[in-house]
Number of protein chains: 2
Amino acid sequence: MMAAWYEQTVDGVLLDITGVLYNSGPGRGSVIPGSVDAVDRLRQAGLPIRFCTNETTSTKSALVEKLQFHGFNLTEADVFPPAPAVCSILKRRHLRPFLLLHPNAKANFAEIDTSNPNCVVMGDAVDEFSYENMNKAFQLLMSLEEPVLISMGRGKYYKEDNDIVLDLGAFMKALEYACDIEAEVVGKPSPSFFNAALEDMGVTSDKVVMVGDDVVNDVGGSQACGMRGVLVRTGKYRPSDEQHPAVKPSGVVDNLAQAVDLILKHR
Amino acid sequence: MMAAWYEQTVDGVLLDITGVLYNSGPGRGSVIPGSVDAVDRLRQAGLPIRFCTNETTSTKSALVEKLQFHGFNLTEADVFPPAPAVCSILKRRHLRPFLLLHPNAKANFAEIDTSNPNCVVMGDAVDEFSYENMNKAFQLLMSLEEPVLISMGRGKYYKEDNDIVLDLGAFMKALEYACDIEAEVVGKPSPSFFNAALEDMGVTSDKVVMVGDDVVNDVGGSQACGMRGVLVRTGKYRPSDEQHPAVKPSGVVDNLAQAVDLILKHR
């Protein structure tokens, strides 16, 4: 059960990155106004923060470097992307993936054996979502007696520059349908993914607020784990998100700066 | 309700093309042994035949020319592909499509106004299923107040040369999921699509047998219209199709030649 604002203080914060701290786009993308200062105010209030992201188009170090360049106060230890969690799963289950990924993200799997693949791992491959590559993933899955498809998220779309563009969830659905299988999602809204960040922070979910621009994966996903989920009107946000048939956000605010105002009221 | 073999004679036949008459592949593809003769035997028995195909990578005339080259006895009037049915719908509903198609199929829509598009029509676009083109379709659909997505079939995969490759159904599912919409399917297994061929033939569904290699779209689809649906073990057929959880074929045979033996027994 999700905590109510009046019942519980806020002792920890999870922040989505893209669409909350900054928007992706040409070069390093652009900061969402007020977000650098908003993170600083959370730090000054002594609140632990973890950054819970489904970003799969780069390495963690490249992502953190970009955010630090923009002035955000964070280190690699604060950031939870799906790739390290997937690497643990691959090693534990002796899986050798065919990687359907953005070229910049392949370094995340440098230590993984990809010979004679027996599963598919997909991230936001962007232009690598070609018919040719989709077929390679499809044919491998169809050749396996127990096909395993690991998807680093299930997002529908995200904001890129001024457009919304397809996220990996659409291509995950394509493979699920063609192969008659269900993907294993590593990343938001998977509870085990949220819980890893909560455990690292040492705060129970009822005392944590998640802030994101994805009403289903950030807000609904965190609420399903017992957190309060706050929706920001930045990034991929669309007004129709406020009338979502299944998810009722714990708060809807214009941006991260307003989310922090709300959080600090309940500190 | 589907007719039983012992209750009704066979007075008309619907045939799938790809995977039943021939397999697509380099050049003109390759004839499935015995199929040319099988069609001739149906003709000699005086049975009306229509060819009910979800082929959307060429024009009807190019398709018929290819089949005639292989020796098949058929004319353009016998062939029912989705494109002409889609053109009628577009005209009737004043829809201007963004066409997500194989380049060879665009001629099917030469008379259709595609300026300022207000819907998406998709076929088996093959290499045109790029991230860029999928995004164009996605962004258009998301910009429309009442998004219309017309898909010329919902197949999962088909046989190309010696491989199975993704069919348009996978990419239809990707757009359905990302946009939260349901596509209108024109082609098999849409009942109105089958019924157009039955009406043209002037035979009621209980007296017609459909032969195809797609257990869901050919066999299940025709059975849902009251026909007998026979599955051939050619084309995209896989042994697991005979244990399909929802569809029980009216017959399973090695190829079209055997299907014709079965049909002529019930003439």
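Just above, that's the structure.
Residues numbered from 1 in each chain as written. Chains lettered and ligands numbered in written order. Predicted model: local features only at pLDDT ≥ 70, side-chain atom pairs only at ≥ 80, totals over all residues. Heavy atoms only, no water.

(A) Local environment of the packing of helix α1 (residues 35-44) of chain A against helix α8 (residues 256-265) of chain A. Residue and element names in this part refer to chain A. Their axes nearest at 8 Å, the elements α1 and α8 cross at an angle of 20 degrees. The pairing of α1 with α8 is recorded here as roughly parallel in orientation. Our pair here, α1 against α8, has a crossing hand that is left-handed. Contacts from Ser35, Ala38, Val39, Arg41 and Leu42 in α1 reach Leu256, Ala257, Val260, Asp261, Ile263 and Leu264 in α8. Its residues assigned to classes, the contact of α1 with α8 shows eight nonpolar, one polar and two charged. (Axes fitted to C-alpha atoms, helices over the stretch in contact; angles between N-to-C directions. Helix = DSSP H or I, 4+ residues; strand = E, 2+ residues; numbered from the N terminus. Parallel < 35°, antiparallel > 145°, perpendicular 65-115°, else oblique. Left-handed = near helix turned anticlockwise from the far one by under 90°. Contact = heavy atoms within 4.5 Å. Nonpolar A, V, L, I, M, F, W, Y, C, P; charged D, E, K, R; others polar.)

(B) Expanded view of the interface of chain A and chain B. Across the boundary between the two partners, chain A contributes 29 residues, which contact 28 residues of chain B. A combined buried area of about 2700 Å² lies between chain A and chain B, and 65% of that area is made up of carbon and sulfur atoms. For the interface between chain A and chain B, the tally reads two salt bridges. Residue lysine 156 of chain B is joined to aspartate 180 of chain A by a salt bridge in which the shortest nitrogen-to-oxygen separation is 3.2 Å. Linking chain A with chain B are 12 residue pairs in polar contact (both at pLDDT 80 or more), by the criterion used here. Looking at the side of chain A that touches chain B, the elements that each hand over two or more residues are α4 (131-143), β9 (157-160), β10 (163-166) and α5 (168-179) of chain A. For the side of chain A that touches chain B, the element with the most residues is α5 of chain A, which contributes seven residues. Classifying every residue of the side of chain A that touches chain B by side-chain character gives 16 nonpolar, five polar and eight charged. (Buried area = accessible area lost by both parts, 1.4 Å probe. Salt bridge = Lys/Arg side-chain N within 4 Å of Asp/Glu carboxyl O. Polar contact = N/O pair within 3.5 Å; in protein donor to acceptor, adjacent residues only side chain to side chain.)

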